[in-house]
Amino acid sequence: MTSLTTDSPHLDRRTLLKTVGLAALGGIAACTSVQLPTGEAAGVSSSATGTLSTIRTSAGLPALIPDAQLEQAALQQAGYMASRARMSHTTGWGKDFASRMKGNGVRGAAGENIAEGRFDLQKLFDIWMHSDGHRRNMLDPDFSRFGLAYVRDGRDPSLRYWALVLGR
């Protein structure tokens, strides 16, 4: 442990600078608009490309293309849900889906599927395909791109919060 003393002015200055620097970093971290997730995060768009392609092409639609911007929006939403331990399309920061998309630079038509559970990618899409609203989003002919991400719950690593963002 380092303490401030008058015996060593160099140590005092160095300690003071470190303290001020750490305080400044803490202040910057507190001002960020995205809260850190409670557990491990992963963008898994590339892993879902084949599954989504099969779903879309079996319905006579073109495959969706993975998109880094949409994946970032999905990761942000998954992180929010994991940090709050609940599913919601609206964040606690008062941002609804439309304002989150605008904030992530996503323009035009967009849709979002969310989920919470202890399941893998295949089970996730199976659940969404058996839900009218989620299925409708994945089969919307206006969408050509997608981003998929999940964040593990920090208290229960087998629990994942998923977000799929679809766009033009």
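I will try to describe carefully the structure that is included in this document.

Counting residues in hydrophobic clusters, the biggest one holds 23 residues, and the most contacted among them are Phe 125, Leu 148, Trp 162 and Leu 164. Among the elements of the structure, helix H2 (45-57), helix H5 (121-129), strand S4 (145-152) and strand S5 (160-167) are those that each provide at least two residues to this core. The dominant element in this core, judged by the number of residues it contributes, is H5, at 5 residues. In this structure Phe 125 touches Ala 48, Thr 51, Leu 52, Ile 55, Met 138, Leu 148 and Leu 164, once residues within four positions along its chain are discounted. In terms of nonpolar packing, the next biggest core, distinct from the first, is built from 17 residues, Ala 74, Ala 78, Ala 82 and Ile 114 among them.

Okay, the pairing of S4 next. Regular strands place their side chains on alternate faces of the sheet. The buried fraction of S4 amounts to 8 of the 8 residues, a majority that puts the element mostly inside the structure. Taking every second residue as pointing to the same face, both faces of S4 are buried, with Arg 145, Gly 147, Ala 149 and Val 151 on one and Phe 146, Leu 148, Tyr 150 and Arg 152 on the other. In terms of strand pairing, strand S1 (residues 41-43) meets S4 through 3 bridges, oriented antiparallel. Note on S4: the bridge partner recorded for Ala 42 is Tyr 150. Taken together, the 8 bridges between S4 and S5 define a ladder with antiparallel strand orientation. Bridging across to S5, Gly 147 finds its partner in Val 165.

This paragraph deals with helix H3 (residues 68-84). Across its 17 residues, H3 extends 24 Å between first and last C-alpha, which sits within 8% of the 24 Å expected from 1.5 Å per residue. What H3 keeps buried is the set Leu 70, Ala 73, Ala 74, Gln 76, Gln 77, Ala 78, Gly 79, Tyr 80, Met 81, Ala 82 and Ser 83. Those residues of H3 that are buried lie in contact with helix H4 (97-103), strand S3 (110-117), S4 and S5. For H3, the capping residue at the N-terminal end is Asp 67, with a side-chain oxygen 3.0 Å from the backbone nitrogen of Gln 69. Looking one or two residues beyond H3, the residue adopting positive phi is Ala 85, at roughly 55°.

The next subject is the pattern of salt bridges. Following the criterion strictly, the structure yields 4 salt bridges and no others. Put simply, Arg 145 and Asp 67 hold a salt bridge, and the shortest N to O gap is 2.6 Å. With Arg 145 in strand S4 and Asp 67 in the loop between strand S2 (65-66) and H3, this pair connects stretches of sequence that are 78 residues apart. Of the two residues, Arg 145 and Asp 67, neither departs from the other in class, the shared state being buried. Note that Arg 118 and Asp 156 form a salt bridge whose closest N and O atoms lie 2.3 Å from each other. Of this pair, Arg 118 sits in the loop between S3 and H5 while Asp 156 sits in the loop between S4 and S5, placing them 38 residues apart in sequence. For Arg 118, a relative accessible area of 56% corresponds to the exposed category. For Asp 156, a relative accessible area of 21% translates into the label partly exposed.

What counts, and where the lines are drawn
- Residues numbered from 1 in each chain as written.
- Predicted model: local features only at pLDDT ≥ 70, side-chain atom pairs only at ≥ 80, totals over all residues.
- Heavy atoms only, no water.
- Core = buried A, V, L, I, M, F, W, Y, C linked by side-chain atoms within 4.5 Å.
- Buried < 20%, exposed > 50% of the residue type's maximum accessible area, 1.4 Å probe, protein only.
- Helix = DSSP H or I, 4+ residues; strand = E, 2+ residues; numbered from the N terminus.
- Contact = heavy atoms within 4.5 Å.
- Pairing = 2+ DSSP bridges.
- Expected span 1.5 Å × (residues − 1).
- Polar contact = N/O pair within 3.5 Å; in protein donor to acceptor, adjacent residues only side chain to side chain.
- Salt bridge = Lys/Arg side-chain N within 4 Å of Asp/Glu carboxyl O.

On their own, these measurements won't tell you what the molecule is for.
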